[in-house]
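# Descriptive structure summary
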Amino acid sequence: MDRRSVLKNTGIAGVLAAGIAPAVHAQTAIRWRLASSFPKSLDTIYGAAEVFSNQVKAMSGGKFEISVHAAGELMPAFGVVDGVEKGTVEACHTVPYYFFGKDETFAIGAAIPFGLNSRQMSAWMYEGNGLKLMREFYAKYNMISFPGGNTGSQMGGWFRKELKSKADMKGLKFRIGGFAGRIVERMGGVPQNIPGGEIYQALEKGTIDAAEWVGPYDDQKLGFNKVAPFYYYPGWWEGGPQVDFFINQKAYNALPAEYKAIIAAASSHAHVDMQAKYDVRNPDALKQLVGAGAKLRPFPTDLMTEAFKISMQVYEELSAKNENWKKVYADYAKFRADQNLWFRFTEATFDRFMQGQKL
């Protein structure tokens with residue numbers, strides 16, 4: 001079989017699916033470093049980078065290796081984008097909204113309050129204009145992005161005291177990731193942006209009153225239920241938060257075409273794999289947490305309504321003063337409206353019916 005003909009006609013994905021090794025034997029061995037924003041203990045979200053790395057190595061026949069380093073090993077959890085931008089490391093795995101302080105537009109690449117769910121986010125990225133628009137923005141920071149996971153809709157977090165209305169947000173010291181803190185602040189709360197590995201100590205010592213992370217599987221590992229009994233839902237600021245691989249643009253451009261295709265395939269695999277793991281592991285973890293005494297509570301309706309109102313106001317304000325945000329959010333908002341209408345008649349109706357049945 002002529003390898004060149006196969007590659008030309010089917011592409012790298014087809015070649016890999018057919019079980020035919022691409023002609024990577026002639027490529028120079030490449031070694032990269034990837035800095036994660038997560039601790040190793042969080043095997044699902046941190047583990048997505050290892051899944052990615054293993055796929056790259058396997059598909060390149062061992063010629064392309066990427067070593068994965070946990071938060072704090074090479075640089076702080078929130079220093080990874082600077083590391084990629086400057087070329088200190090070739091890649092990182094992180095949640096874009098951690099870096100909204102550089103520009104609020106980073107948040108759209110992950111999740112914004114009352115935004116897209118995980119399926120809609122992937123649709124916007126892969127078939128809508130999401131990947132194109134976000135890459136245009138990230139290019140300003142000398143890096144290219146690849147979707148690298150999604151947790152699915154998250155829980156609302158752990159609280160020391162019960163929330164009975166929106167008034168209980170006043171003065172609440174709340175660990176909440178990234179951009180959503182802007183909304184919490186306008187509601188009277190005091191947002192705290194703390195890396196995952198440091199949340200438990202802050203909650204235990206009373207430095208903060210509440211904390212959100214991801215969901216039952218990770219939250220159980222971090223032990224939040226031991227220091228805060230009330231477990232709220234849903235995480236209205238993270239309907240479908242995407243995690244990304246950021247790669248230094250110069251390092252990426254230097255790759256041969258075959259390795260670029262491998263990067264794309266490996267990241268897509270890790271992207272799907274992460275949410276599949278969360279969807280499998282969260283139900284059992286939630287049962288265990290409730291069995292151990294966690295008190296499940298929905299956020300008060302007036303709190304949700306107020307948060308939605310403030311979020312829409314903030315988005316309008318940002319569109320008036322931040323051209324990067326305006327360009328990306330205009331497309332995102334239209335996509336969200338169309339998706340919300342579609343899901344209303346299909347996914348949402350089906351889910352509501354099924355959740356009312358005895359299974």
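Here is what the cut-offs are and how they apply
Residues numbered from 1 in each chain as written. Predicted model: local features only at pLDDT ≥ 70, side-chain atom pairs only at ≥ 80, totals over all residues. Heavy atoms only, no water. Buried < 20%, exposed > 50% of the residue type's maximum accessible area, 1.4 Å probe, protein only. Helix = DSSP H or I, 4+ residues; strand = E, 2+ residues; numbered from the N terminus. Arc of directions from axis to C-beta. Contact = heavy atoms within 4.5 Å. Pairing = 2+ DSSP bridges. 1 Å grid on protein atoms, 1.4 Å probe; cavity = no way out; pocket = protein on both sides within 12 Å on 5 of 7 lines; lining within 4 Å. Points joined across faces, edges and corners; volume = space filled by probe spheres on them. Nonpolar A, V, L, I, M, F, W, Y, C, P; charged D, E, K, R; others polar. Salt bridge = Lys/Arg side-chain N within 4 Å of Asp/Glu carboxyl O.

### A short note on helix α6 (residues 130–138)
Those residues of α6 that sit buried are Gly130, Leu131, Leu133, Met134, Phe137 and Tyr138. Within α6, the buried residues cover an arc of 165° as seen down the axis, which keeps them to one side. Contacts made by the buried residues of α6 are with α4 (105–108), α5 (118–126), β4 (143–150), β10 (242–248) and α13 (323–345).

### Section: the side chain of Ser319
Relative to the assigned elements, Ser319 resides in helix α12 (residues 301–321). Contacts of Ser319, omitting those with residues within four sequence positions, involve Trp325, Lys326 and Tyr329.

### Brief notes about the pairing of strand β9 (residues 230–233)
The sheet contact formed by strand β5 (residues 157–159) and β9 spans 3 bridges and is antiparallel. Within β9, the position partnered with Phe159 by the bridge is Phe230. Two elements, β9 and strand β11 (residues 295–298), share 4 bridges in a ladder whose sense is parallel. Note that in β11 the partner of Tyr231 across the bridge is Leu296.

### Structural notes on empty space enclosed by the protein
If you walk through the whole model with that rule in mind, you get 3 cavities of 30 Å³ or more. Of the residues belonging to the lining of the largest cavity, the class tally is 8 nonpolar, 3 polar and 2 charged.

### Notes on the pattern of salt bridges
For the structure shown, the criterion picks out 15 salt bridges. Here Lys327 makes a salt bridge to Glu136, at a shortest N to O gap of 2.9 Å. Pair noted here: Lys327 is in helix α13 and Glu136 is in helix α6, with a separation of 191 residues, a long-range link. Taking relative accessible area as the criterion, Glu136 reaches 34% and is therefore assigned partly exposed. The closest approach of N and O atoms between Glu306 and Lys166, which form a salt bridge, is 3.6 Å. In this pair, Glu306 sits in helix α12 while Lys166 sits in the loop between β5 and β6 (173–175), placing the two residues 140 residues apart along the sequence. By relative accessible area, Glu306 is classed as partly exposed at 24%.

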